[in-house]
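Understanding the architecture of this molecule
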Amino acid sequence: MKSAVSVESPPPLTPPLKGRGTEAFASPTIAALLIIAVAVATRIVAWWNPVAHVDDQFYLLAGEELLAGRWPYVDVWDRKPLGLFLLYAGIAWIGGGSILGLNLVATSFAAATAWIIRQVGLRFASPRGATLGGLAYLLTIPLIGGQTGQSPVFYNLLIAGAAWLLIDAAKADRPGPVFGRALGAMALCGLAMTIKQISLVEGAYFGLAFLWFLRRTGAEARHLAMAALAMIAVALTPTALAMAAYAMAGRAELNAFIFSTFTSIFLKGGWGGTSKLAGLLYFLVHLTPLLLMAVAGAVMRQRQPTYQGAVLVGWIAAALIGYLAVPHFFDHYALPVAVPLSVSAATFFDRRNGLLFFAGLAAFCVMQPPIRNVEKNRASLHEFRRLSTAVEQARRGGCLYVGDGPTRLYSVSGACRVTRHLFPDHLNLVIEDEAVGIDTGPELRRIRAGRPAVIVTQMRLRDRYSPAYQQFLASLPADYRVTHVSRQDLPQPLRRVVVWQRKDLADPQS
């Protein structure tokens, strides 16, 4: 009895597309040039903006600190895995710590991910549909925080590569080829987990899917168990190597590594149901066009179901679960979902009017501010220059503490620091109050007692700040004067930034 699900790639779901435009899409060279061109066009407006996103400027700072011999978790605190900081240390080394260097590398990763999406899409669509799927990814991610160097911009490439191996394994009829691809995919997923822990969800799904394929090719139960153990071992090896490095440094360093990268994740609070609702609405507003096209593509594939199509639907579900699993919301958390949606949409773009629908998606994306907002990025660049000048003139060679505002100030000033908590949110947000491994109140009082020459704060909603940080703000006027306040109409994180100078220093405005 034959299975109702085909193993091989399905025949075209629509009559073969013909014409000069279709022949152009069939050329890998032209497809690669299109992908590179769209990657640059959708991201170039932010290439020189030093504060385009609060996270990646901190990651670059942490990378610079690592190059200087200061270890993550011990000397610079954060909860992201070590692989992310190693990656950013490499970026800082290649680009000399420049924002342009960071964005060139991030653009390369985005383009490479789009190329892998095209290659996976070829299992479900013609070269035209597959190429448009890759382009759809590039057009969509700037809308959801992926225009610069957010961590998913980098690990999406690894996850897409693992998915390529998984979907390719669907056509295998022997356990050997499936197992070989499984080990390669798990290695990629293991590297992804050293960039962002939540990629574990997609990696776990891929592992289960590989076991399903192994079972389908006739592997016995004991062989499945051995394969599962081998895949888990390969996936955990990068994290184990990072842990071993800290263990060799000492018990305190190992404890710092374990607490920061594992324990603290579960201690961080959330903004409640309102945040989850905001995340869902944000997802629907920005990803609905791509989501609808991905669903339409899945429906089209059901006319001739395959194992590959089933795996793709599961991948979409796994990415959505990873997005919904995080108790708080930030825009870039939706970036991993864009990868399988773009692959699925490739089938839809194979319709005779698919190019028209793609043009509609492109128009929707280009109309959004991130891709075309030259003025915002220019204003951010000019204001950051003014802000960094104000800080430099006020500190008189002394130390700097950024209580809230752009961490890029640490990099450009080269000022001495008064805390290892260089990412402001770790000490000022109410949801971080019990999640950073210390009592933030005494740490803020210690910073205050250290009398940094300049303290940078921001005028924002007080309910986002912890009580300890609010007390810290209230204490500043006693010993500090305001020497600079940025305008209200500027984009974040530069809106209403305040520079406080210690009163015993010469006032730069006098």
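Owing to the predicted nature of the structure, the values given are computational and were not obtained by experimental measurement.

Criteria and cut-off values
- Each chain has its residues counted from 1, following the order in which its sequence is written.
- Given that the model is predicted, a residue must reach a pLDDT of at least 70 before its local features are reported, and side-chain atom pairs must reach 80 or more before they are shown or counted; all residues, however, enter totals for whole chains, interfaces and linings.
- Side-chain numbers here rest on the full set of heavy atoms in the structure, without hydrogens or water.
- Helix numbering and strand numbering both begin at the N terminus, where a helix is a DSSP run of H or I of at least 4 residues and a strand a DSSP run of E of at least 2.
- Our radius of gyration is a C-alpha quantity, and the globule rule it is checked against amounts to 2.2 Å times the number of residues to the power 0.38.
- Buried, partly exposed and exposed residues are distinguished by accessible area as a fraction of the type maximum, computed with a 1.4 Å probe on protein chains only: under 20%, between the cut-offs, and over 50%, respectively.
- By definition in these notes, contact holds between two residues if any of their heavy atoms fall within 4.5 Å.
- All accessible areas in this document rest on Shrake-Rupley with a 1.4 Å probe, and a residue is counted as covered only by the protein chains that are shown.
- For this count, His and the chain ends are skipped, Lys and Arg are scored as positive, and Asp and Glu as negative.
- To locate a charge, take atom NZ for lysine, CZ for arginine, CG for aspartate or CD for glutamate.
- Salt bridges, as used here, are contacts in which a Lys or Arg side-chain nitrogen is within 4 Å of a carboxyl oxygen on Asp or Glu.
- Two strands qualify as a pair provided DSSP detects at least 2 bridges between them.
- To obtain each axis, a line is fitted to C-alpha atoms, and for helices this fit is confined to the stretch in contact; angles are then taken between N-to-C directions over 0 to 180 degrees.
- Whether two aromatic rings pair depends on their centres lying within 6.5 Å, for rings of Phe, Tyr and Trp, where Trp uses its six-membered ring; planes under 30 degrees apart make the pair stacked, over 60 edge-to-face, and the rest tilted.
- Two thresholds decide whether a charge sits over a ring: the Lys NZ or Arg CZ must be within 6 Å of the ring centre and within 35 degrees of the ring normal.
- By convention in this document, the label disulfide applies to cysteine sulfur atom pairs within 2.5 Å.
- The way it works is a 1 Å grid over only the protein atoms, where trapped points that fit a 1.4 Å probe form a cavity and open points with protein on both sides within 12 Å along at least five of seven lines form a pocket, and then any residue with an atom within 4 Å of a point lines it.
- Grid points are joined across faces, edges and corners, and a volume is the space filled by probe spheres set on the points.
- Following the grouping adopted for this structure description, the nonpolar residues are Ala, Val, Leu, Ile, Met, Phe, Trp, Tyr, Cys and Pro, the charged ones are Asp, Glu, Lys and Arg, and the polar ones are all others, Gly among them.

Let us look at the overall build of the protein. Helix and strand counts for the protein stand at 21 helices and four strands. Against the globule reference of 24 Å for 510 residues, the protein gives a C-alpha radius of gyration of 25 Å, in line with a compact fold. C-alpha atoms of the protein, sized along the principal axes, occupy 85 × 50 × 40 Å. Put simply, the protein has 510 residues, and 55% of those count as buried. In the protein, once contacts between residues fewer than 6 apart in sequence are set aside, the share between residues at least 24 apart is 77%. Of the roughly 21,000 Å² that the protein leaves accessible, carbon and sulfur atoms contribute 65%. Between the centroid of the 47 positive side chains of the protein and the centroid of its 30 negative side chains there is a distance of 6 Å.

Now for the side chain of Asn-428. With respect to the helices and strands, Asn-428 occurs in helix H19 (residues 425-428). On the basis of relative accessible area, Asn-428 is assigned to the buried category, the value being 0%. Setting aside residues up to four positions removed in sequence, Asn-428 forms contacts with Gly-403, Asp-404, Arg-464, Tyr-465, Ser-466 and Tyr-469.

This paragraph deals with the pattern of salt bridges. Opposite charge on two side chains permits them to pair, given that their charged atoms come into close proximity. The full count for this structure, using the stated rule, is 19 salt bridges. Where Glu-65 meets Arg-417, a salt bridge forms, and the shortest distance between an N and an O atom there is 2.8 Å. Residue Glu-65 is located in helix H3 (residues 54-67), and its partner Arg-417 is located in the loop between helix H18 (408-413) and H19; the two are separated by 352 residues in the primary sequence. Under the relative-accessibility criterion, Glu-65 is labelled buried at 6%. According to the relative accessible area criterion, Arg-417 is partly exposed, its value standing at 26%. Among the ionic pairs, Arg-502 bridges to Asp-504, the shortest N-O distance being 2.6 Å. In this structure Arg-502 comes out as buried when scored by relative accessible area, which is 12%. Look at the salt bridges and you will find they share partners, linking Arg-123, Asp-168, Lys-171 and Arg-181 into a network.

Our next topic: the sheet that holds strand S3 (residues 480-485). Strand order across the open sheet formed by four strands is S1-S2-S4-S3, with mixed pairing between neighbours. If you trace the sheet from one side to the other, it starts and ends with strand S1 (400-402) and S3, each paired once. Here the average twist between neighbouring strands, direction ignored, is 25 degrees. Pairing of strand S2 (residues 454-458) with strand S4 (residues 497-502) involves five bridges; the strand directions are antiparallel. The residue bridging Val-454 from the neighbouring strand is Gln-501, located in S4.

Here we take up the pairing of S4. Taking burial as the measure, the six residues of S4 include six buried ones, the bulk of the element. Along S4, one buried face is formed by Val-497, Val-499 and Gln-501 and the opposite face, lined by Val-498, Trp-500 and Arg-502, is buried too. As defined by bridge partners, S3 adjoins S4 across five bridges and the pair is classed as antiparallel. Its bridge partner being in S4, Tyr-480 is matched across the sheet by Arg-502.

Here we come to the packing of aromatic side chains. This model, assessed by the stated rule, comprises 23 aromatic pairs. One aromatic cluster is present, built from ring pairs that chain together Phe-58, Tyr-59, Trp-71, Tyr-73, Phe-85, Tyr-88, Phe-109, Phe-154, Tyr-246, Phe-257, Phe-262 and Phe-423. Note that Arg-301 overlies the ring of Phe-124, its terminal NZ or CZ placed 5.3 Å from the centroid.

Another point: the state of the cysteines. For the structure shown, the criterion picks out one disulfide. The partner cysteine of Cys-399 in its disulfide is Cys-416, sulfur to sulfur 1.8 Å. Across the S-S bond linking Cys-399 and Cys-416, the dihedral sits near -105 degrees, which makes this disulfide left-handed. Placement of Cys-399 in the loop between helix H17 (374-395) and S1 and of Cys-416 in the loop between H18 and H19 is noted, with a sequence separation of 17 residues between them.

Before going further, it helps to spend a moment on unusual backbone geometry. Here the bond from Gln-492 into Pro-493 is cis, since omega is 5 degrees, no more than 30 degrees from zero. Looking at where Pro-493 falls in the secondary structure, it is placed in the loop between S3 and S4. At Arg-451, a position not held by glycine, the phi torsion is positive, near 50 degrees. Residue placement: Arg-451 occurs in the loop between helix H20 (440-449) and S2. Not every positive phi belongs to a glycine, and Arg-496 is a case in point at roughly 55 degrees. Along the chain, Arg-496 turns up in the loop between S3 and S4.

Vacant regions in the atomic arrangement are exposed by a probe of water-molecule size rolled over the atoms. Across all of its chains, the model carries three cavities of 30 Å³ or more by this definition. Reported here for the largest cavity is a volume of approximately 120 Å³. In this structure, the largest cavity is lined by 16 residues; those nearest its centre are Tyr-155, Ile-198, Gly-322, Tyr-333 and Pro-336. Counting only elements with at least two residues in the lining of the largest cavity, the list comes to helix H7 (151-169), helix H9 (200-216), helix H13 (307-325) and helix H14 (335-348). At four residues, H13 tops the list of elements feeding residues into the lining of the largest cavity. Looking at the lining of the largest cavity residue by residue, the classes come out as 11 nonpolar, three polar and two charged.

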